[in-house]
Amino acid sequence: MPPALALSACARTPTAPETAGSLTLADVFVGEIRGRGVFRVDLTGDERRFDAQLHGRLEGDRLTVAEDFTYDDGQTGRLTWVFDRAGPGRWTGRREDTVGEAVVIEEGESIRMDYTADFESLEGVTRLAFSDVIYRAPDGKVINEAIVRRWGLPVGRVRFEMTRE
C-alpha cells in the first residue's frame, strides 16, 4: 500500500460515542454558546488553541450561526455559517471562508459535516478539507471533532467543546 493511501486510511472522520437520544443542528447551535478548542498539526505536534462565542438563530428552514473567535496568539475573527434545510436530517451550509457548500447530515446521536475552507492564520491562507462529527458527551457538553486534510492527506485534527450559556 502506498504511504499516502496508508495515511488516509488511518484518518477517517472521527467516530461519535453512542449516547441516548438524537441531536439536531438546531439543538447544538440555536442560542448562546461558548466553547474552547484546539487545532493540532499531526506531523509536527503543533497546537493552536482558541475560544469562541457562538450566537445562533433559526428562522424557518435557515439557521444562522455567528462565531466570534479569539486565538491564544491574539488573533481574532468572526465567521458566520448560514445553513439551509435540504430535507429531513440534511442541511447545506456556507461561511465566508468556505469553498462550495458544506454538506450536513443529522444521524440520530451525531451530526456529520464535510466542507472545504480557506483557513486564515498569521502565516497566510491555506485551503483545507474538514470532516466533522458533532455529538453530546456524557457530561452534557457538545463536542465537535474533525479530521483536517490538505491535498487529500490528513494533516491535523480539531476538537471543540461547547457549553450553553
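So, how was this worked out
- Residues numbered from 1 in each chain as written.
- Predicted model: local features only at pLDDT ≥ 70, side-chain atom pairs only at ≥ 80, totals over all residues.
- Heavy atoms only, no water.
- Buried < 20%, exposed > 50% of the residue type's maximum accessible area, 1.4 Å probe, protein only.
- Helix = DSSP H or I, 4+ residues; strand = E, 2+ residues; numbered from the N terminus.
- Pairing = 2+ DSSP bridges.
- Axes fitted to C-alpha atoms, helices over the stretch in contact; angles between N-to-C directions.
- Phe/Tyr/Trp six-rings, centres within 6.5 Å; stacked < 30°, edge-to-face > 60°.
- Lys NZ or Arg CZ within 6 Å of the ring centre and 35° of its normal.

*Asks:* How should I be thinking about the pairing of strand β3 (residues 62–71) in this particular structure?
*Replies:* Consecutive residues of a regular strand have side chains that alternate between opposite faces of the sheet. For β3, the buried fraction is high: 7 of the 10 residues fall into the buried class. The sheet contact formed by strand β2 (residues 47–59) and β3 spans 10 bridges and is antiparallel. Across the sheet, H55 pairs through a bridge with A66, a residue of β3. Taking the residues between adjacent antiparallel strands as the criterion, β2 and β3 are bridged by 2 residues, where G60 takes a positive phi near 65 degrees. Strand direction decides the pairing type here: β3 and strand β4 (residues 76–87), joined by 9 bridges, are antiparallel. Paired with L63 across the strands is F83, a residue of β4. The hairpin formed by β3 and β4 contains 4 residues between the paired strands, and G74 there has a positive phi angle of roughly 100 degrees.

*Asks:* In this structure, what is going on with the sheet that holds strand β10 (residues 153–164)? I would like to understand it.
*Replies:* Sheets are built from strands that pair by backbone hydrogen bonding, the pairs being arranged parallel or antiparallel. The 10 strands are arranged β1-β2-β3-β4-β5-β6-β7-β8-β9-β10 in a closed barrel whose pairing can be described as antiparallel. Taking each pair of neighbouring strands and ignoring which way they run, the sheet shows an average axis angle of 25 degrees.

*Asks:* Looking at this model, I keep getting lost on the packing of aromatic side chains. Mind explaining?
*Replies:* Here a ring pair, both rings aromatic, is described through the centre-centre distance and the interplanar angle of the planes. Inspection of every chain in the model, using the stated rule, returns 8 aromatic pairs. Relative to Y71, the ring of F50 has its centre 5.6 Å away and its plane inclined at 50 degrees; by these criteria the two rings are tilted. One end of the pair, F50, is in strand β2; the other, Y71, is in strand β3, and 21 residues separate them in sequence. There is no split in this pair, since F50 and Y71 are both buried. The interplanar angle of 20 degrees and the centroid separation of 5.6 Å between the aromatic rings of F50 and F160 together place this pair among those described as stacked. Of this pair, F50 sits in strand β2 while F160 sits in strand β10, placing them 110 residues apart in sequence. Residue classification places F50 among the buried positions, given a relative accessible area of 8%. Linked through ring pairs, F50, F69, Y71 and F160 together constitute an aromatic cluster. Over the face of the ring belonging to Y71 we find R48, whose NZ or CZ atom lies 3.9 Å from the ring centre.

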